[in-house]
Structure formats: C-alpha cells, structure tokens
Amino acid sequence: MSVAFFVSLVQALAAFACLTSAYLLWRGAAQAPSRALVIAGLGTTAAHLLVSTPGVIDPAGIWLVTALRNLVWLALIRALFAADGRHASLRPVGPLLIALALAELLQVPLAVLAGIFPIPVAFSLMAKVSAIFHLLFAIGTLVLVHNLYGGAGPQQRPRIKWMAGALVVAWGTELNVFAASYLWGELPAAMSFLRAAAWSVAAFFLWLDGRQKGAREFSPSRTVTFQSLSLIVIAFYLFALFTIDGAVAGDDPGLGIVGRFGAVVFAIAIGALLASRNLRTWLREILVRNLFRHRYDYREEWLRLSATIGANSAPAEQRVVQALADIVDSPAGFLMSPGDDGAFELSAHWQWPTLEVPATGIPETLVRMIACDGGVIELDRVRNGHQPFGGHHLPQWLTSLSRAWLLVPLQVDGRTTGMIVLARPAYSRELDWEDHDLLRIVGQQLAAHLSQNQAQKALLESARFDEFNRRMAFVMHDIKNLASQFGLLVSNAERHIEKPAFRADMLVTLRNATERLEGLIGRLSNYGTNGVGSPSPLSPLDAVHSALRAEIAGDLVEVGHGGGATLLGDHDALETVLKHLVRNAIEASNADQKVEIHFPGTDRMAGVAVVDSGCGMSPEFIRSGLFKPFVSTKNNGFGIGAYEARELVRAMGGRLEVESRVGAGSRFVIWLPRAAEQADEDRKVA
C-alpha cells in the first residue's frame, strides 16, 4: 500500500475522532455558552481533514475550506473572551481578532485568482501567499490562547485548561504545517500524520472540557497584554519581512540581500529607540489609555507597595517616599514630618542628595489648611497662580524648587502625620481623578504605617527607660540590703567594739560592703547590658565562700563537698544571686535549721544549689508570683529579688531552677556553662 493511502486513512480516523467528540458534546448535559461553536469547529475540522486527502479537491478549494475552519475557531475564541459578559474583556484583543479574520477572508480572492490564472508560476506564488496568511493566523491564534489563559484568574484557569490545551496542541501543529507548506510547497507525509494526531488529541481535550460546568471569566493583566502586543508586533514584522523578501528576491537577488540587511538595521534601530525610558513610558501611557478601563493595575500596585514597605534595605521614612514615588514613576522625593512646635520639617529624602530645606519647612497654619483640603497638590498649577486653600501661599522655597512636582499629604484618623514632595518624572503628564484617588488612598496607608513606626519607636524608648528603672530598682534593693547590714554592724559595734576580733571582722565587712557598692555603681552604669560583665572562668566554691563569709561564720550555712568545677560567669553577679537566695532561705527556715549549699553538675553545665528546710512554696506561687517583679510577701520588700536573681543568671547564659513543696522546703539551683577546659577534662575522664 502506498503512502497516500496511509495518509488518507490517518486523516479519516482523525476526522472520525473529531465527529465523535462533536456528537458526545451535542448529547452531553453541559450547556456551556460556546458548546455550539466547539461542535461547529470540530465539524469543519473533520471536513478539512477529509478534503485534505490528496486528489479529493483542488488546492484552491482546500484554501477556502481551511479559511472556513479557521474562522469558526476564531469565533469560538472570541466567545471564550466574552464568556463573562463584559464588553471590556474584548477591548484589548479586538484589533487582533479583526486582523486574523481579515487574513482568512483574503483566501477568497486568492482562490479566485488561482482559478483565473492557472499558470504554475502564478499558482505557486499565490500558494505561498496563502500559506503566509495561514501562518499569520496560527501565530495570532496562539497569542490569543496565551492571552486567554494568562488573563484568567486562579479560580478560572482550571476550568479552561482543557480548552487551552486543545487549542495550543492544534494550532501549534498548524503553525508547523503552514511553515512547511510555505517552505516546500508540498506538505510532507510526516506533517500530515502529525496534523491528524494533533487534532485527535485536541478532540479528546475538547470532550474533557465539555464535561466541566461553570462560566469562564477573563480579565487580562497589563503584563499579559503587553507581552501579547509584543508578540503581535513581532508576527507582523516577520510577515512583512517574508512577504517583501519573497517579492524582491524573486526579481533581483542582489536587491533581496540589500533588503535583508536593511531589515536587520531597522530592527537594531527600533531596539535602540526602545531602550529610551521616555519612549517606553510614552508608549505605555498610550497603550494603557486606549486598552484599559483603569490606568492602574491595582493588584500589582498593592503588591509593589507591600514589598517596598516591608523591605529592610532602608529606614522606614525613605521606604515610604519610595513607595509613593514608584506609583507615578517619580525619580526622587522627600518626607516632611511634624516637629515639636507643630511645623513640618525635613525628616527623610530618597534619591535627592542636593535637597535644601529650611528648619521650618511648612508653618503650622498652612499645615492645617492643607489638612482641611486633603487632596494632592500639583505644584505646577500653584506656580501658575492656582491657590488650592483659600489664598494661603506655599512657602517660597518649595515653589522655587523647580524639580518639585507633587505635594501629597499623609493623613490618618483626621491628623496629618507627614507630607511627601515628589520630583517630576522624565515624562510628566497631567494627572486625572484616578491618579488623585490612588495617591490619596496610598497616602492614608503610608500615614498609618508611619504612625505605627513612630509608636514602635516610642515603645522602644519607653522600654529602654523601663530597663533603666529596673536597674535602679535592683540597685535600690541591694542598697537596702547593705543598709540593713550596716545597721546590724553598728548595733553590734555598740556592744563589742572593744574586742579586737570584732574590729577585725568589722573591717572585713566594711571592705566587702565597699566593694559591693562599687559593683552596684558599675552595674548601674551598664544597665543596657543587664548589669553583667563579660563571662570569665571562676570557681563556684570560691564564689560561695566570698559571698557568704558572714553566714558561714555564723553557722547559718553549711557548704557541702564539691565545687571544684570551673564555670563561666560574672563574679559580682553570682555573689549577688547567692546572697539573695541564701538570705531568703535563712528567713524561710527555723532558727535551728541550716541552709545547705551543694554543687551539682552535668557535662556542659555546673550548678550551685541552695537548699533549705523551711516553709516551702506552692506550685501556683512559683508559676505566677515568685518571679513577678514588684510583688512581695514581705511588708518592707521591693518584690524584685527573685526576679533580679533570675535575670542575672540568664544574662550570664545560665538558668535558675526552682523545686519546692509546702512544708518541706525549697531548692534553688543556679546553672551556668562550664568553662571549655573543664568540660574537655570531664569528657576525657568519662
């Protein structure tokens, strides 16, 4: 059997697949608005596949059948764009639909001319022109499908995926078929097989699409539209290039070479012109004004605004200026914020290094007038004599700043938190109501952001003052303890001053108290670092004997074995914690009960445990009252001793553990990191 027979068989099977899909759609329950056009498209495609079999009809007749098929599918694509019932959806793609329909209608005069002039040379030329028109139609159809799918919302894309897939498979194949027809004149058998297979797959996809329910919505974004327009321009350029080159090169090969070189130079020149930002802005302005109902894509503007405000690359005030400037393509701007006297002064600028603003930028009275007006002020109109707020003139320095273009007040909750002055863009235009509304709304959003930022700064400053007050409370707590120690020393001195041993012990106590006072002053000066110096290796046993010398001598504290490990911490801070914990333990114990000191440890941590057999604490008190500052169970207490102890231990990189039972006593453990050398030795021993 010959190749022609196989081609005829395959195309007949593909036609049968198209007719089967059309029949199933006709019998189906889904009532999609475009169902009739899909059935018509499948029917004309089946007819086209059958008449494309070699020897059925003459080639000119095939051109007309192809044109009819293409026009039906074009009508279907138009119906898909208009499926949401909005006339504006067709506006961006209307010119392309008309151009493609015209390209197919031109097949009629070509077929007529082919019948009038049956000369082989003339027929070959008209066949190439017909192939070029079909090629142009295939490119335009793929652009439309791209626009259809890209412009659909996230909820609509799953509904049109099978339809879009069918159109891409079918017209992507047709693009290659028409290109082969133009290049070789005759269609190879392999391309016929590919076309039949593609339309069979497309028929299956269309049947799957017909099983879905729901209308399809289309809302093309600006990015998709601009990409589609770029593809259309490229397609028309290639169409013109192929057409002119074919006509010129046929008469004079040398002239054809010159024409190709000129086309390359022309393309380079166009690319150089498009590199100009002013030209791109002008073209974008024309396209937006004529293709879209609204000037701005509000979703993209909002995302860009959020990205700019949320970035941490610059101070918040600069990011606010940049966010507003990006909306109107302004290259620079500056922010003015209220000062202490109510007048507005310069607080930040963005890409405006040569800016000079007086100390009092805008007086308070003028600020109130601008706040009452509430709108965006175009400074060029003010320079031309327009007075937007009751004859009150803007400052001379602002109107004389030739680069200044817009003044946008930032208002929230009836108050003005700032004013942004934007520089004139390279391509300036007259603002309309949409520009004013968007700038005003974005200004309110930026005003809220600035207010929140200022509140955070005030909160941070308040936190710093709270930290200082907390340090002062800690110092006052320790001074109270020292005062109690001095009072006890004085009362004992009245009775034992004549004893040499007492005098020697009194000198040691005074020296220790002096050192503690100096340590308190150092901690107060370093309140921002939690009152703790750099950690250094120290012996917990030495720290216990140094901090609790009087308590050990008075037989109130019993130090257990151990304490040989070296830990990392601050000596003065550790002594402060030990004094507080032991003092509380003594107060909670009976007179005949001693406070015990132990030295637990792990591979990485070394501990100092303070254990008493006193009244103990309830779990609820440990959880909600023990470490709560300024809450004390003592009549004359500050209520910050336990809180200070825990904070000092945390500042040294450790933790304070508490175990207690009512009536059974308490156990406080100070855990601090071991020194590196000690940890290594312990691991070697293990």
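Below, the structure is looked at part by part.

Calculation rules
Residues numbered from 1 in each chain as written. Predicted model: local features only at pLDDT ≥ 70, side-chain atom pairs only at ≥ 80, totals over all residues. Heavy atoms only, no water. Helix = DSSP H or I, 4+ residues; strand = E, 2+ residues; numbered from the N terminus. Buried < 20%, exposed > 50% of the residue type's maximum accessible area, 1.4 Å probe, protein only. Contact = heavy atoms within 4.5 Å. Areas by Shrake-Rupley, 256 points an atom, 1.4 Å probe, with all protein chains shown as cover. Phe/Tyr/Trp six-rings, centres within 6.5 Å; stacked < 30°, edge-to-face > 60°. Core = buried A, V, L, I, M, F, W, Y, C linked by side-chain atoms within 4.5 Å. Pairing = 2+ DSSP bridges. Expected span 1.5 Å × (residues − 1). Axes fitted to C-alpha atoms, helices over the stretch in contact; angles between N-to-C directions. Parallel < 35°, antiparallel > 145°, perpendicular 65-115°, else oblique. Left-handed = near helix turned anticlockwise from the far one by under 90°. Nonpolar A, V, L, I, M, F, W, Y, C, P; charged D, E, K, R; others polar.

1. Considerations on the overall build of the protein
And then number 1: Helix and strand content of the protein: 24 helices and 12 strands.
And then number 2: Per-residue burial for the protein yields a buried fraction of 41% across its 686 residues.
And then number 3: Taking contacts inside the protein between residues at least 6 apart in sequence as the whole, the part at least 24 apart equals 70%.
And then number 4: Taken as a whole, the protein presents about 35,700 Å² of accessible surface, with 61% of it coming from carbon and sulfur.

2. Side note on the packing of aromatic side chains
And then number 1: Applying the stated criterion to the full structure yields 9 aromatic pairs.
And then number 2: Judged by centre distance (6.1 Å) and plane angle (45°), the ring pair of Tyr-23 and Trp-26 falls under tilted. With Tyr-23 and Trp-26 both in helix α1 (residues 3-27) and 3 residues apart, the pair spans about one turn of that helix.
And then number 3: Taking relative accessible area as the criterion, Tyr-23 reaches 42% and is therefore assigned partly exposed.
And then number 4: Residue class for Trp-26 comes out exposed when judged on its relative accessible area of 55%.
And then number 5: Ring centres of Phe-204 and Phe-205 lie 6.3 Å apart, and the angle between their planes is 45°; on these two criteria the pair is classed as tilted.
And then number 6: Phe-204 sits in the partly exposed class, given a relative accessible area of 45%.
And then number 7: Residue Phe-205 is classed as buried on the basis of its relative accessible area of 19%.
And then number 8: Each member of the aromatic cluster is reached from another via a ring pair, and the members are Trp-73, Phe-137, Trp-171 and Trp-199.

3. Notes on the side chain of Glu-575
And then number 1: Within the element layout of this structure, Glu-575 appears in helix α21 (residues 571-588).
And then number 2: In this structure Glu-575 touches Ala-543, Ser-546 and Ala-547, once residues within four positions along its chain are discounted.

4. Here we look at the nonpolar core
And then number 1: Among the nonpolar cores identified, the biggest contains 41 residues, and Leu-42, Trp-73, Leu-144, Leu-167, Trp-171 and Trp-199 are the most heavily contacted of them.
And then number 2: For this core, the elements supplying multiple residues, two or more each, are α1, α2 (35-51), α3 (59-81), α4 (94-105), α6 (120-151), α7 (157-184) and α8 (189-210).
And then number 3: The greatest single-element share of this core, amounting to 8 residues, is contributed by α7.
And then number 4: Those residues in contact with Leu-144, other than ones at most four positions away along the chain, are Leu-74, Ile-77, Phe-81, Val-93, Leu-96, Leu-97 and Leu-100.
And then number 5: Of all hydrophobic cores here, the second largest spans 34 residues; its members include Leu-574, Leu-578, Val-595 and Val-649.

5. Some words on the pairing of strand β9 (residues 595-598)
Residues in a regular strand project their side chains so that they alternate between the two faces of the sheet.
And then number 1: A one-sided burial pattern is seen for β9, the buried positions being Val-595 and Ile-597 and the unburied ones Glu-596 and His-598.
And then number 2: Where strand β7 (residues 557-559) and β9 come together, 3 bridges link them in parallel fashion. Residue pairing for β9: Val-557 is matched across the bridge by Val-595.
And then number 3: Where β9 lies against strand β10 (residues 605-612), 3 bridges are found, and the strand directions are antiparallel. Counterpart to Glu-596 in the pairing with β10 is Val-611.
And then number 4: Where β9 hands over to β10, the hairpin turn is made up of 6 residues, counted between the paired strands.

6. Regarding α2
And then number 1: For α2, with 17 residues, the first-to-last C-alpha span of 25 Å sits near the 24 Å given by 1.5 Å per residue.
And then number 2: Residues of α2 that are buried: Arg-35, Val-38, Gly-41, Leu-42, Thr-44, Thr-45, Ala-46, His-48, Leu-49 and Val-51.

7. Some details on the sheet that holds β7
And then number 1: Taken together, 5 strands build an open sheet; the order of strands is β7-β9-β10-β12-β11 and the sheet is mixed. Of all strands in the sheet, those bounded by a partner on one side alone are β7 and β11 (655-661). Within this sheet the neighbouring strands show an average axis-to-axis angle of 15°, counted without direction.
And then number 2: In the packing of helix α23 (residues 641-651) onto the sheet, the strands contacted are β11 and β12 (665-673), and the crossing angle to β11 comes to about 140°.

8. A look at the packing of α2 against α8
And then number 1: Interhelical geometry of α2 versus α8 gives an angle of 160° and a closest axis separation of 12 Å. Our classification of the angle between α2 and α8 gives roughly antiparallel. Crossing handedness for the pair α2 and α8: left-handed. Side by side, α2 and α8 meet where Val-38, Leu-42, Thr-45, His-48 and Leu-49 of the first sit next to Arg-195, Trp-199, Ala-203 and Leu-206 of the second.
And then number 2: Across the contact of α2 with α8, the residue classes tally to 6 nonpolar, 2 polar and 1 charged.

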